[in-house]
Amino acid sequence: MIAIDNTIEPSIKFVNGEEISPDRIRVSSRSITRIMIPRKYKVNNIIEKLNQNLNIFRKETYDLFLTPFKGLRKDNCYRRRLDYKLAKKLIEETLYELC
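Residues numbered from 1 in each chain as written. Predicted model: local features only at pLDDT ≥ 70, side-chain atom pairs only at ≥ 80, totals over all residues. Heavy atoms only, no water.

Enquirer: How should I be thinking about the side chain of Arg73 in this particular structure?
Expert: Relative to the elements of secondary structure, Arg73 occurs in the loop between strand S1 (67-72) and strand S2 (78-81). Engagement of the side chain of Arg73 in a polar contact is seen with the backbone oxygen of Tyr78, the distance being 3.4 Å. Setting aside anything within four residues of it in sequence, one finds Arg73 in contact with Asp5, Asn6, Thr7, Ile8, Glu9, Pro10, Arg58, Asp63, Tyr78 and Arg79. (Helix = DSSP H or I, 4+ residues; strand = E, 2+ residues; numbered from the N terminus. Polar contact = N/O pair within 3.5 Å; in protein donor to acceptor, adjacent residues only side chain to side chain. Contact = heavy atoms within 4.5 Å.)

Enquirer: Just to check I follow, could you spell out the layout of surface pockets for this structure?
Expert: If a probe as big as a water molecule is rolled over the atoms, it shows which places are left empty. By volume, the largest pocket is sized at about 370 Å³. Lining of the largest pocket is provided by 18 residues; of these, Gly17, Ile35, Met36, Ile37 and Val43 occupy positions nearest its centre. In terms of residue class, the lining of the largest pocket is made up of 12 nonpolar, three polar and three charged. (1 Å grid on protein atoms, 1.4 Å probe; cavity = no way out; pocket = protein on both sides within 12 Å on 5 of 7 lines; lining within 4 Å. Points joined across faces, edges and corners; volume = space filled by probe spheres on them. Nonpolar A, V, L, I, M, F, W, Y, C, P; charged D, E, K, R; others polar.)

Enquirer: So what exactly am I meant to see when it comes to the nonpolar core here?
Expert: As a rule of thumb, nonpolar side chains are buried together in soluble globular proteins. Met1, Phe14, Ile46, Leu54, Leu66 and Leu82 are the most contacted members of the largest nonpolar core, which has 18 residues in total. Broken down by secondary-structure element, the contributors of at least two residues to this core are helix H1 (43-61) and helix H2 (84-98). Every residue in contact with Ile46, bar those within four places of it in the chain, is listed here: Ile37, Tyr41, Thr94, Leu95 and Leu98. (Core = buried A, V, L, I, M, F, W, Y, C linked by side-chain atoms within 4.5 Å. Buried < 20%, exposed > 50% of the residue type's maximum accessible area, 1.4 Å probe, protein only.)

Enquirer: Can you walk me through the pairing of S2 in this structure?
Expert: Side-chain positions along a regular strand alternate between the two faces of the sheet. When S1 meets S2, the two strands line up antiparallel, connected through three bridges. Bridged to Leu72 within S2 is Tyr78. In this antiparallel pair of consecutive strands, S1 and S2, the connection spans five residues, and Asn76 shows a positive phi of 65°. (Pairing = 2+ DSSP bridges.)

Enquirer: Explain the packing of H1 against H2 here, please?
Expert: Each pair of packed helices can be summarised by the angle the axes make with each other and by the distance between the axes. Axis separation between H1 and H2 bottoms out at 10 Å; the angle between their running directions is 120°. On the basis of the axis angle, H1 is oblique to H2. Where H1 crosses over H2, the two elements pack in a sense that is right-handed. Here Ile46, Lys49, Leu50, Asn53, Leu54 and Phe57 of H1 lie close against H2, whose contacting residues are Leu86, Leu90, Ile91, Thr94, Leu95, Glu97 and Leu98. Residues that form the contact of H1 with H2 fall into these classes: nine nonpolar, two polar and two charged. (Axes fitted to C-alpha atoms, helices over the stretch in contact; angles between N-to-C directions. Parallel < 35°, antiparallel > 145°, perpendicular 65-115°, else oblique. Left-handed = near helix turned anticlockwise from the far one by under 90°.)

Enquirer: Please explain unusual backbone geometry as it appears in this structure.
Expert: It is generally the case that most residues other than glycine have a negative phi and that most peptide bonds are trans. Phi is positive for Tyr62, which is not a glycine, with a value near 55°. Residue classification places Tyr62 among the exposed positions, given a relative accessible area of 71%. You will see that Asn76, though not glycine, has its phi angle at about 65°, which is positive. You can see Asn76 is positioned in the loop between S1 and S2. What makes Asn76 exposed here is its relative accessible area of 62%.

Enquirer: I tried to follow the pattern of salt bridges on my own but got confused; where do I start?
Expert: In a structure, side chains of opposite charge can pair up when their charged atoms sit close to one another. Overall, the coordinates contain seven salt bridges when judged by the stated rule. Measuring nitrogen to oxygen at the nearest pair gives 3.1 Å for the salt bridge that ties Arg73 to Asp5. Of this pair, Arg73 sits in the loop between S1 and S2 while Asp5 is found in the segment before H1, placing the two residues 68 residues apart along the sequence. By relative accessible area, which is 0% here, Asp5 ends up buried. Asp63 is the partner of Arg58 in a salt bridge, and the nearest nitrogen-oxygen pair spans 2.8 Å. As far as burial versus exposure is concerned, Arg58 and Asp63 are alike and both buried. One salt-bridge network, held together by shared partners, links Asp5, Arg58, Asp63, Arg73 and Asp75. (Salt bridge = Lys/Arg side-chain N within 4 Å of Asp/Glu carboxyl O.)

Remember, this is a structural readout, not a statement about activity or role.
This is the structure we're talking about:
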């Protein structure tokens, strides 16, 4: 999970674990983390559905429930951070949908 917008555009997203180097993950960082998904699920389907649900959530809430993070993007919107509590809720709801 990449949990922080970059400085150019909204870039919070769920990605395949191979796309995130273990070297980029820090214990103190809340911006990038790897998530364990039970093997009974098809990871690529989950990632696609998670990103769809995240984009719907962002659009419907106007990013109101995402934490502001270090200033503005180039499009003059605040950068945002997806906290772990909200990420967990999105993951749980998505897995429930796919069952």
